[in-house]
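# Report on the structure
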Amino acid sequence: MTNFGLIDRYREFLPVTAATPSVSLGEGSTPLVRSQNIGDSLGCKDLYFKLEGCNPTGSFKDRGMVMAIAKALEAGKKRIICASTGNTSAAAAAYGARYQLETLVLVPAGEIALGKLAQAMAYGARILAVNGSFDDALTAVRSIVEIMDIELVNSVNPYRIEGQKTGAFEIVDELGEAPDMLCIPVGNAGNITAYWKGFNEYQSLGRSETTPKMMGFQAAGAAPIVLGKPVLKPETIATAIRIGNPASWEKAEAARDESEGMIDIVDDNEIIDAYLRLAREEGIFCEPASSASVAGLIKLPELGVDLTGKTIVCILTGNGLKDPGTAEKRALIELEYVEPDIDSVMNLLNSGK
Ligand SMILES: *Cc1c(COP(=O)(O)O)cnc(C)c1O
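Below is a summary of the structure that appears in this document. (Residues numbered from 1 in each chain as written. Predicted model: local features only at pLDDT ≥ 70, side-chain atom pairs only at ≥ 80, totals over all residues. Heavy atoms only, no water.)

## Regarding the overall build of the protein
Under the convention used in this document: The helix and strand labels rest on DSSP assignments: H or I over at least four residues marks a helix, E over at least two residues marks a strand, and numbering proceeds from the N terminus. Radius of gyration means the value over C-alpha atoms here, while the globule rule gives 2.2 Å times the residue count to the 0.38 power. For every residue, the accessible area obtained with a 1.4 Å probe (protein chains only) is divided by the maximum for its type, and the residue is called buried under 20%, exposed over 50%, and partly exposed between those limits. The protein chains shown are the only cover counted for residues, whose accessible areas, like all others here, come from Shrake-Rupley with a 1.4 Å probe. Under the counting rule used here, the positive set is Lys and Arg, the negative set is Asp and Glu, and His together with the chain ends is not counted. Just so you know, the charge point we use is NZ for Lys, CZ for Arg, CG for Asp and CD for Glu.
When helices and strands are tallied, the protein shows 15 helices and 10 strands. Rg of the C-alpha trace for the protein: 20 Å, near the compact-globule value of 20 Å for 353 residues, within the 12% margin. Projected onto its principal axes, the C-alpha positions of the protein cover 65 × 50 × 45 Å. The buried share of the protein, taken over its 353 residues, is 54%. In the form shown here, the protein has an accessible surface area of approximately 15,100 Å², with 51% of it arising from carbon and sulfur atoms. Between the mean site of the 33 positive side-chain charges and the mean site of the 46 negative ones, the protein shows a separation of 5 Å.

Following this line, the structure appears as structure tokens:
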């Protein structure tokens, strides 16, 4: 089958009509990989990682973008715009290029991981680096769409949430039931909102008996929901969740409260520890923001949450190659230089380290 994407797979649960064009880059249906080591060390029954970095542009943003683009095309739009910490811009630029929409992206200057910026540029998007934060960029974008005929494709666009909720469907379809807990990084809070919507819809359709506790994690320097007030200058190594005033703030709180879950904080050291554990104990290379979900999970026993016998899914939102700079700086592995002959190599290996 060619071009089988999530709109085809979940058409009956999405706001599509006969007039909605069939848009896809092959997004969705990402691997749900069982933990090999971390889960046992925490005493959970089953721990799974959903590898959203396997989407076509390397993050879950493709799930929402495919829906937003399909509806923009249906409405006859010719241009799209978004503010982005990086991955939204890559997704918008890719689908925009494929469907010949003019794509305009506003990013916070100097705060975007190199892989993401390079990617959006390669797809040919017009990129404006604004002198401010992501939140400033989103505010600007929201004013621009008031006066220009251009489709907003940030997660305040309801079709983004519709597309992203399919991540929850896939988990239930694969496990046969909802997990006990879902651990997820929280930035602008669209994704936690989308997953909660997806789990609830599936439950009301009788596809699952239960819904999971939603366990959201913000970075310590960018934790407005936990602090209960916007953060003016959000700061964290996890650039994808460096957001001080989340657009879906109230919906994230609703997901937390209705599911009897929590939204908590993980600091940059915990994020990097989890990032390296995922790489070194599971063979999974995700970006720092993604590992906030696992950093949070690792902290749960300290917070008094019992993990024994639980089935838990961590959403690994983006691919590690998006942010090669962090890997290079934080991996704490040094290149060893050697002459290209057997004696030199053997001498070096035998000299220990
Ligand atoms: C966008 C993004 C997030 C944050 O998702 P929100 O919906 O903004 O909460 C987390 N991780 C990665 C890799 C992202 O691209």
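## Observations concerning the site of the ligand
Test applied: Here a residue is considered near a molecule or strand provided that any single heavy atom belonging to it is located within 4 Å of it. Whenever two N or O atoms come within 3.5 Å, that pair is a polar contact, provided that in protein one can donate a hydrogen and the other can accept it, and provided that, for residues adjacent in sequence, both atoms are side-chain atoms.
As a structural note, the neighbourhood of the ligand is formed by 16 residues, with Lys61, Asn87, Gly187, Asn188 and Thr317 the closest of them. Between an oxygen atom of the ligand and a main-chain N or O atom of glycine 187, the distance comes to 2.8 Å. In this structure, asparagine 188 approaches the ligand through a main-chain N or O atom, which is 2.7 Å from an oxygen atom. Mapped onto the shell around the ligand, the elements with two or more residues apiece are helix 9 (190-204) and helix 13 (288-299).

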